[in-house]
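Observations on chain architecture
Read off the chains here:
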Amino acid sequence: MIRRKYVRTRQLKPGMKIDHAVVDRLGRNLVARGSVLDEYVIDSLIKLGVMSVYIQDGEYEPEEEQPPISPVAQKNIEKFRTDDRSKVTLSASVRKRVAEGIQYIYSNVESTELAAATDSIADDLLASIESNNAIAIDINALKTSDEYTFKHSVDVATISMIVAKKQGLSKTQIREIGVTGLLHDVGKTKVPLEILNKPGRLDDNEFNIMKQHPVYGYELVKDREEFSPAVSLGVLQHHEKINGGGYPLGVAADKICPYAKILAVADIYDALVTERPYKAAFSQRDAVEMIMSMTTELDMTAMRSFLESMILYPVDTIVELSNGEKAKVVKNNPYYILRPVVVGLTSGTVYDLGEDLNCANIIIR
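Here is a short report on the structure shown in this document. (Residues numbered from 1 in each chain as written. Predicted model: local features only at pLDDT ≥ 70, side-chain atom pairs only at ≥ 80, totals over all residues. Heavy atoms only, no water.)

Moving on, we get to the environment of Tyr269. Structurally, Tyr269 can be placed in helix α11 (residues 258-272). Looking at Tyr269, the relative accessible area reads 0%, which means it is buried. (Helix = DSSP H or I, 4+ residues; strand = E, 2+ residues; numbered from the N terminus. Buried < 20%, exposed > 50% of the residue type's maximum accessible area, 1.4 Å probe, protein only.)

This brings us to the packing of helix α6 (residues 171-183) against α11. Where α6 contacts α11, the axes come no closer than 10 Å and their chain directions differ by 60°. The angle between the axes of α6 and α11 places the two elements in the oblique class. Considering only the axes of α6 and α11, their crossing is right-handed. Contact with α6, carried on its side by Gln173, Glu176, Ile177, Thr180 and Gly181, involves Tyr259, Ile262 and Leu263 of α11 and no other residues of that element. Of the residues contributing to the contact of α6 with α11, the split by class is four nonpolar, three polar and one charged. (Axes fitted to C-alpha atoms, helices over the stretch in contact; angles between N-to-C directions. Parallel < 35°, antiparallel > 145°, perpendicular 65-115°, else oblique. Left-handed = near helix turned anticlockwise from the far one by under 90°. Contact = heavy atoms within 4.5 Å. Nonpolar A, V, L, I, M, F, W, Y, C, P; charged D, E, K, R; others polar.)

Before going further, it helps to examine the sheet that holds strand β5 (residues 318-320). Read across the sheet, four strands follow the order β5-β6-β7-β8 without closing on themselves; strand pairing throughout is antiparallel. Strands at the two margins of the open sheet, each flanked by one partner only, are β5 and β8 (350-352). Pairs of neighbouring strands in the sheet enclose a mean axial angle of 40°, with direction left out of account. Bridge analysis of strand β7 (residues 341-344) against β8 gives three bridges, and the strand direction is antiparallel. Opposite Val342, over in β8, you have Tyr351 as the bridge partner. (Pairing = 2+ DSSP bridges.)

That's the geometry; what it means functionally is another story.
Spelled out as structure tokens, the structure:
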């Protein structure tokens, strides 16, 4: 079984395998997860100011084989299977343009072409949403880059655009919130590398520096006439909470702009489900439950629109139920995203986890 071990950089030895990506200020991999360390890489990490890392200790277990589907199960799967709502899909050409564009943005934050590059990506994302009238998101289908900062920015932008569409915002506003999502973390390009790469918990001083990235981002965009005040405020306020417990301003709900209320939900969710040097990824289920528990911190309208837009278990996904049976998802319900309709692969039992009271004590593990 694979385990993680926390090791000071000066105690690393050649042959050890690193268990998280080391990135630069732009989110680009300097050392990929799984890389076997040698003297040169270890020396480079020390020179970069990376004080400690996680290494792999043990071996990954092989994936479990899917159990066979019984004839009665196959019959019920075919009977009850209902396609998911239209999801955002990015073609190969769009993925390529988006990946190149987002890297350009974070590599050229002072460029006069920043707005044009951001607009181009937002246009591509909006066109992808409109091409099949997408009203839902499968986060696993949005992969545009291996670098966290780039992927996270595109994820947050796309999620926010779908949520904005769910709320009935205009096409102009949907596009603008996409721009805001793409730029929301641009201030991290001004945060010291050793803080961005620290695999452990930040100390108070380091966290105070990190908490300034919305201000740094705001300073980069506020004086550019190509960006509306709503975009600049969204960048500044995306870590604010409606109870006043956020940062950098600590303002409450009535002082937080609408874009930031949506971005906050998208940002927290995507950060939770993504592995970082200092934390393992949460499951989508656990992340949604955490979002649902933040009723005093997140805007309820934004939260509700987000929850009704997400698809956690796409149709045809194999899941394990708390009663021990493997099952296939055959139908999703936007009002019960944690509780789809599934069919047991062996028994053929149809479990309507959202509507059937007989299934109330059964959950997806």
